[in-house]
Amino acid sequence: MPTTKYIIELTEADRKYLTDIVKKGNSPARTIMRANILLASDRGNNKHMTVAEIASAFNTTPTTVHKVRTSYVNNGLEATINRKKRKTPPVPAKVTGDIEAHIVAMACGDPPEGYSRWSVRLIAEKCVELNYIDSISHMTVSRILKKTNLSLT
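Owing to the predicted nature of the structure, the values given are computational and were not obtained by experimental measurement.

A. Fine view of the environment of Met 139. Structurally, the position occupied by Met 139 is in helix 8 (residues 138–147). As a C-alpha pair, Met 139 and Ala 124 span 15 residues in sequence and 8.9 Å in three-dimensional space.

B. Layout of the confidence of the model for the protein chain. Per-residue pLDDT for the protein chain averages 88, and the proportion of residues at 70 or more is 97%. Highest mean pLDDT in the protein chain belongs to helix 7 (residues 120–129) (95); lowest belongs to helix 5 (residues 77–81) (85).

C. Examining the side chain of Arg 34 more closely. Secondary-structure assignment places Arg 34 in helix 2 (residues 29–41). Put simply, Arg 34 is tucked away with no salt bridge, and the nearest opposite charge, on Glu 78, sits 11 Å away. Residues within four places of Arg 34 in sequence aside, it is in contact with Val 68, Thr 80 and Ile 81.

D. The arrangement of the packing of helix 6 (residues 97–108) against helix 7 in detail. One way to put it is that helix 6 packs onto helix 7 with a least axis distance of 10 Å and a crossing angle of 125°. Between helix 6 and helix 7, the angle falls in the class oblique. Helix 7 is crossed by helix 6, and the crossing has right-handed handedness. Contact residues: helix 6 offers Ile 103, Met 106 and Ala 107, while helix 7 offers Ile 123, Lys 126 and Cys 127. In terms of residue class, the contact of helix 6 with helix 7 is made up of five nonpolar, no polar and one charged.

Conventions we followed
- Residues numbered from 1 in each chain as written.
- Predicted model: local features only at pLDDT ≥ 70, side-chain atom pairs only at ≥ 80, totals over all residues.
- Heavy atoms only, no water.
- Helix = DSSP H or I, 4+ residues; strand = E, 2+ residues; numbered from the N terminus.
- pLDDT = per-residue confidence, 0-100.
- Buried < 20%, exposed > 50% of the residue type's maximum accessible area, 1.4 Å probe, protein only.
- Lys, Arg positive; Asp, Glu negative; His and termini not counted.
- Salt bridge = Lys/Arg side-chain N within 4 Å of Asp/Glu carboxyl O.
- Contact = heavy atoms within 4.5 Å.
- Axes fitted to C-alpha atoms, helices over the stretch in contact; angles between N-to-C directions.
- Parallel < 35°, antiparallel > 145°, perpendicular 65-115°, else oblique.
- Left-handed = near helix turned anticlockwise from the far one by under 90°.
- Nonpolar A, V, L, I, M, F, W, Y, C, P; charged D, E, K, R; others polar.

Below, the structure written as C-alpha cells:
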C-alpha cells in the first residue's frame, strides 16, 4: 500500500467552513471542488477517501488532488481555497492620470485653427503630436472623456 505524504486532519472550524462553502454553492466552482477534496481527504472523517477515489468522485485528476492537499499542508486553508489576487496587473496601464488631465484640459480648451470643435480623433492625434503618449486610440480618449462626464458636442 502506498504511503500518504500529506495527512489531512481538519479542525472542527475548518470542517464547518468547508461544509458551508459546499452546501451554499455560491462560491466559484474551483473553490467548491477544493473544499470537497479537503473534506474527502480529512482523516477525522470516518469516510476519508484515497487520492484515486477522490479524483474519480469529483471528476478531476490525481495531480489536482495532490496539489490541493500539498497546498493545504504548506499554506493553510485560506491560501488553498481562495483565489490568489494579483499584486500588479499583467500589463501596466498606458494612460496615467497625468495624460488623462492633458486630454481633459485639451477637450475643455479652444480647438486648433481650422476646426470649429474638438473630436476624439483630433484629441488623440494632438496627444501623440505633443508627445504626451506614444500612441492612443480615439476610443480611449472617448472613454476618458465619458468617465469625466465631458462631451464634445
